[in-house]
Amino acid sequence: RETITADDIESYVEISAEEQERSYRFTLAAATGAFTLKDAMYAPTSLHLAFAHDQSEMVAHFNTGAEGTPIVRYGTSKKHLTSIATGSSTTYTASDLCQAPANLEEPGKFTHPGQLHSVTMKGLEPETKYHYMVGIQSEKSNQM
């Protein structure tokens, strides 16, 4: 097993926590080879559910790496997701951010967030358990 030291990495981070009067040092503990994720551009990530203004609605927020129509299938049974809702998507670029270093597009600075999707599920009944799945519909993928 190869030993990796701080001299072996380009970025060495030292963070001071004034409140605790301690310094923390972070170093690279391990390294892996390159890998890819199957359908990574289309697979939903960062799913969040939120209450809507109407008590019979919930909003699903999620991210993907690709554009497409965001969709949620939902219902009271895992096997019968009979209700379908579509929503909207947005994103932002480095130029939308206020100042450096947040808006710099060089390596290690701004990272594109992908597509930020929002879908409202309507007609939900109180005290009812719902099952749902999220994804996008696009020309290249019907990722659900």
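Residues numbered from 1 in each chain as written. Predicted model: local features only at pLDDT ≥ 70, side-chain atom pairs only at ≥ 80, totals over all residues. Heavy atoms only, no water.

Asks: Can you help me understand the confidence of the model for the protein in this one?
Replies: Low pLDDT marks stretches whose predicted atomic positions should not be read closely. Averaged over all residues, the pLDDT of the protein equals 79, while 73% of them reach at least 70. Taken element by element, the predicted model of the protein shows its lowest mean pLDDT in strand β1 (residues 13-17) (43) and its highest in strand β6 (residues 83-86) (96). In this model residues 9-20 is a low-confidence stretch, pLDDT under 50, and it forms 20 contacts with partners more than four residues away in sequence or in other chains. (pLDDT = per-residue confidence, 0-100. Helix = DSSP H or I, 4+ residues; strand = E, 2+ residues; numbered from the N terminus. Contact = heavy atoms within 4.5 Å.)

Asks: Even after reading the chapter, I still don't get unusual backbone geometry, so can you show me in this structure?
Replies: Note on backbone geometry: most residues besides glycine have negative phi, and most peptide bonds are trans. Omega for the bond connecting Ala100 with Pro101 falls within 30 degrees of zero, at 5 degrees, which places this linkage in the cis form. Turning to its location among the elements, Pro101 is positioned in the loop between β7 (88-90) and β8 (115-121). Despite not being glycine, Glu127 shows a phi value in the positive range, around 60 degrees. Secondary-structure assignment places Glu127 in the loop between β8 and β9 (131-137). Taking the relative accessible area as the measure of exposure, Glu127 reaches 83% and is therefore exposed. (Buried < 20%, exposed > 50% of the residue type's maximum accessible area, 1.4 Å probe, protein only.)

Asks: In this structure, what is going on with a nonpolar patch on the surface? I would like to understand it.
Replies: On the surface, a nonpolar cluster with roughly 240 Å² of combined accessible area is contributed by Leu47, Leu49 and Tyr132. Its location among the elements puts Tyr132 in strand β9. Note on Tyr132: relative accessible area 33%, which makes it partly exposed. (Patch = residues over 30% accessible without salt bridge, like charges linked within 9 Å, V, L, I, M, F, W, Y side chains within 5 Å. Areas by Shrake-Rupley, 256 points an atom, 1.4 Å probe, with all protein chains shown as cover. Salt bridge = Lys/Arg side-chain N within 4 Å of Asp/Glu carboxyl O.)

Asks: Can you walk me through the sheet that holds strand β3 (residues 45-51) in this structure?
Replies: In a beta sheet, neighbouring strands are held together by backbone hydrogen bonds and run either parallel or antiparallel to one another. Across the sheet, which stays open at both edges, the four strands sit in the order β3-β4-β8-β7 with antiparallel pairing between neighbours. Pairing within the sheet leaves two strands with one partner each, and these edge strands are β3 and β7. Averaged over all adjacent pairs, the angle separating strand axes in this sheet is 20 degrees, with direction ignored. (Pairing = 2+ DSSP bridges. Axes fitted to C-alpha atoms, helices over the stretch in contact; angles between N-to-C directions.)

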